[in-house]
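Chain by chain, the residues:
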Amino acid sequence: MIWKTIKVGFHRLGSPPNFYRLCQRFSPWLWGGFFLCAAVGLYQALYVVPPDYQQGDSFRILYVHVPAAWQAMAGYVVMAILAFIALVWRIRIAEIMAMMGAPIGAAFSVICLATGSIWGRPMWGTWWAWDARLTSMLVLLFIYLGIMGLYSAFEDKRKGARIACILILVGLVNIPIIHFSVEWWTTLHQGSTIRFFGESTMHYSMMPPLVWMTIAVKFLFAAALLDRSRNEILDQDRRRRWVLEHAGVNR
Amino acid sequence: MIPEFDYAPYVWSCYGLFAIIVAWQIVQPMIQHRRLQAEIREERALTAGEYDDANP
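To start, this report covers the structure provided alongside it.

Concerning the overall build of chain A
Thought 1: On a plain count of helices and strands, chain A comes out with 9 helices and 0 strands.
Thought 2: When the helices and strands of chain A are listed from N to C terminus, the series reads α-α-α-α-α-α-α-α-α.
Thought 3: Each of the three principal axes of chain A carries a C-alpha extent, and together these read 60 × 40 × 35 Å.
Thought 4: In chain A, the 23 positive side-chain charges and the 13 negative ones have mean positions that sit 10 Å from each other.

Here's what the structure looks like:
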């Protein structure tokens, strides 16, 4: 009974008009969640937490750098799950969502690389080093750009999406490389400061803004993904009748 | 009320970049959505009656 309900719900969600309505309904709430969490996180990051005893105020950069890095990787895993669903069950909504995750993931990769570089200048004395963590993160950005390029290179969007989905699954190998790069190689980038299973080396007073900003970027990813997917569905289905009835163009 | 930090140019440029990219993630889909709606309305006006009614 439960399985049947899930299956019916899954198929309903796969219908473009239903998914479009879902995007319209949930997107403002997700943006609201983002603004709320980001407001709390930014306030704590800039006004509440004390300066680091070694890095001074430059450590505050981590409150945008670390959540962006985590989200660039988490977003990729979400895309890989969607790509797998798209390839196995040929669900068009999953294909579209997998494709629309790429520009958002690329944006988080850019934030991560740029803020890391800006932090590196005063702390390491250099903007960039060909270190395993930095290089593997740069590779992730190139994978995101490759997915976007591949998808837009085909006139038949479904064909382009299927090929890009294969690239997403192949590129998944880079995620554990990024995560374990600081353990597998001797890197300029420091090892993991925050551990989910084990003791973190970051003082607890510095943790709350990181938690808020991490939740905020999760909301941001979800909201932007729904907005972009909604637009892509509208673009692809522009000649379907449901678009005229539900997408606010019949006015 | 703007806090004074050491390494201020580095800190603020990071937060500024974050704000710009976040703003782009909000604004770009909104602009695209409006443009798409306008395009569809225009197409509809030009090719009235040619919609795929058999495949809604």
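Resuming the write-up.
A short note on the packing of aromatic side chains
Two numbers describe a pair of aromatic rings. These are the distance of the centres and the angle of the planes.
Residues and elements named next belong to chain A.
Thought 1: All told, the structure shown has 15 aromatic pairs over all chains when counted by the stated rule.
Thought 2: A ring pair is formed by Tyr 20 and Trp 242, whose centres lie 5.4 Å apart and whose planes are at 65°; its orientation type is edge-to-face. Note that Tyr 20 is positioned in helix H2 (residues 16–48) and Trp 242 in helix H9 (residues 241–246), a separation of 222 residues in sequence.
Thought 3: Aromatic pair Phe 180 and Trp 184: ring centres 5.4 Å apart, planes at 20°, arrangement stacked. Placement of the pair is Phe 180 and Trp 184 together in helix H7 (residues 174–184), with a separation of 4 residues, close to one helical turn.
Thought 4: Judged by relative accessible area, Phe 180 falls into the partly exposed class, the value being 30%.
Thought 5: Here a set of aromatic residues connected by ring pairs shows up, and it is made of Trp 31, Phe 34 and Phe 35.

Digging into the pattern of salt bridges
Thought 1: Summed over all chains, the structure comprises 9 salt bridges over all chains.
Thought 2: Notably, a salt bridge pairs Asp237(A) with Arg92(A), separated by 2.9 Å at the nearest N-O pair. Linking Asp237(A) in the loop between helix H8 (207–236) and H9 with Arg92(A) in helix H4 (residues 92–124), this pair joins segments that are 145 residues apart in sequence.
Thought 3: Judged by its relative accessible area of 2%, Asp237(A) is buried.
Thought 4: What makes Arg92(A) buried here is its relative accessible area of 17%.
Thought 5: Beyond isolated ion pairs, a larger network of salt bridges with shared partners links Lys157(A), Glu232(A), Asp235(A), Arg238(A), Arg35(B), Glu39(B) and Glu43(B).

Side note on the interface of chain B and chain A
Thought 1: With 37 residues of chain B in contact, the opposing surface of chain A contributes 50 residues.
Thought 2: Regarding the contact of chain B and chain A, the summed buried area is about 4,000 Å², with carbon and sulfur atoms giving 65% of it.
Thought 3: Sorting the residues of chain B by area buried against chain A places Tyr15(B), Phe18(B) and Gln25(B) first, and these three jointly supply 18% of that buried surface.
Thought 4: Between the two partners, chain B and chain A, sit 2 salt bridges.
Thought 5: A salt bridge links Glu43(B) to Arg238(A), with the nearest nitrogen and oxygen atoms 2.4 Å apart.
Thought 6: For the pair chain B and chain A, the interface holds 9 residue pairs in polar contact (both at pLDDT 80 or more).
Thought 7: The residue inventory of the side of chain B that touches chain A, partitioned by class, reads 20 nonpolar, 8 polar and 9 charged.

Notes on a nonpolar patch on the surface
Thought 1: Nonpolar side chains collect at one region of the surface, where Tyr43(A), Tyr47(A), Val48(A) and Met1(B) lie side by side and expose about 510 Å² of accessible area between them.
Thought 2: Note on placement: Val48(A) falls in helix H2.

With respect to the state of the cysteines
All names here are of chain A.
Thought 1: Per the stated rule, a full pass over the model turns up 0 disulfides over all chains.
Thought 2: Of all cysteine sulfurs, the one in Cys 23 lies closest to Cys 165, which takes part in no disulfide; the gap is 17 Å.
Thought 3: You can call Cys 165 buried: its relative accessible area is 0%.

Let's talk about the nonpolar core
Thought 1: Ranked by size, the top nonpolar core spans 87 residues in total, and within it Tyr63(A), Tyr76(A), Met99(A), Phe108(A), Leu140(A), Ile147(A) and Ile168(A) carry the most contacts.
Thought 2: Ignoring anything within four residues of it in the chain, the contact list for Leu140(A) reads Ala72(A), Met73(A), Tyr76(A), Ser109(A), Asn174(A), Ile175(A) and Ile178(A).

Conventions we followed
Residues numbered from 1 in each chain as written. Chains lettered and ligands numbered in written order. Predicted model: local features only at pLDDT ≥ 70, side-chain atom pairs only at ≥ 80, totals over all residues. Heavy atoms only, no water. Helix = DSSP H or I, 4+ residues; strand = E, 2+ residues; numbered from the N terminus. Lys, Arg positive; Asp, Glu negative; His and termini not counted. Charge placed at Lys NZ, Arg CZ, Asp CG, Glu CD. Phe/Tyr/Trp six-rings, centres within 6.5 Å; stacked < 30°, edge-to-face > 60°. Buried < 20%, exposed > 50% of the residue type's maximum accessible area, 1.4 Å probe, protein only. Salt bridge = Lys/Arg side-chain N within 4 Å of Asp/Glu carboxyl O. Contact = heavy atoms within 4.5 Å. Buried area = accessible area lost by both parts, 1.4 Å probe. Polar contact = N/O pair within 3.5 Å; in protein donor to acceptor, adjacent residues only side chain to side chain. Nonpolar A, V, L, I, M, F, W, Y, C, P; charged D, E, K, R; others polar. Patch = residues over 30% accessible without salt bridge, like charges linked within 9 Å, V, L, I, M, F, W, Y side chains within 5 Å. Areas by Shrake-Rupley, 256 points an atom, 1.4 Å probe, with all protein chains shown as cover. Disulfide = S-S within 2.5 Å. Core = buried A, V, L, I, M, F, W, Y, C linked by side-chain atoms within 4.5 Å.

Functional significance is not addressed by these values, which are geometric in nature.
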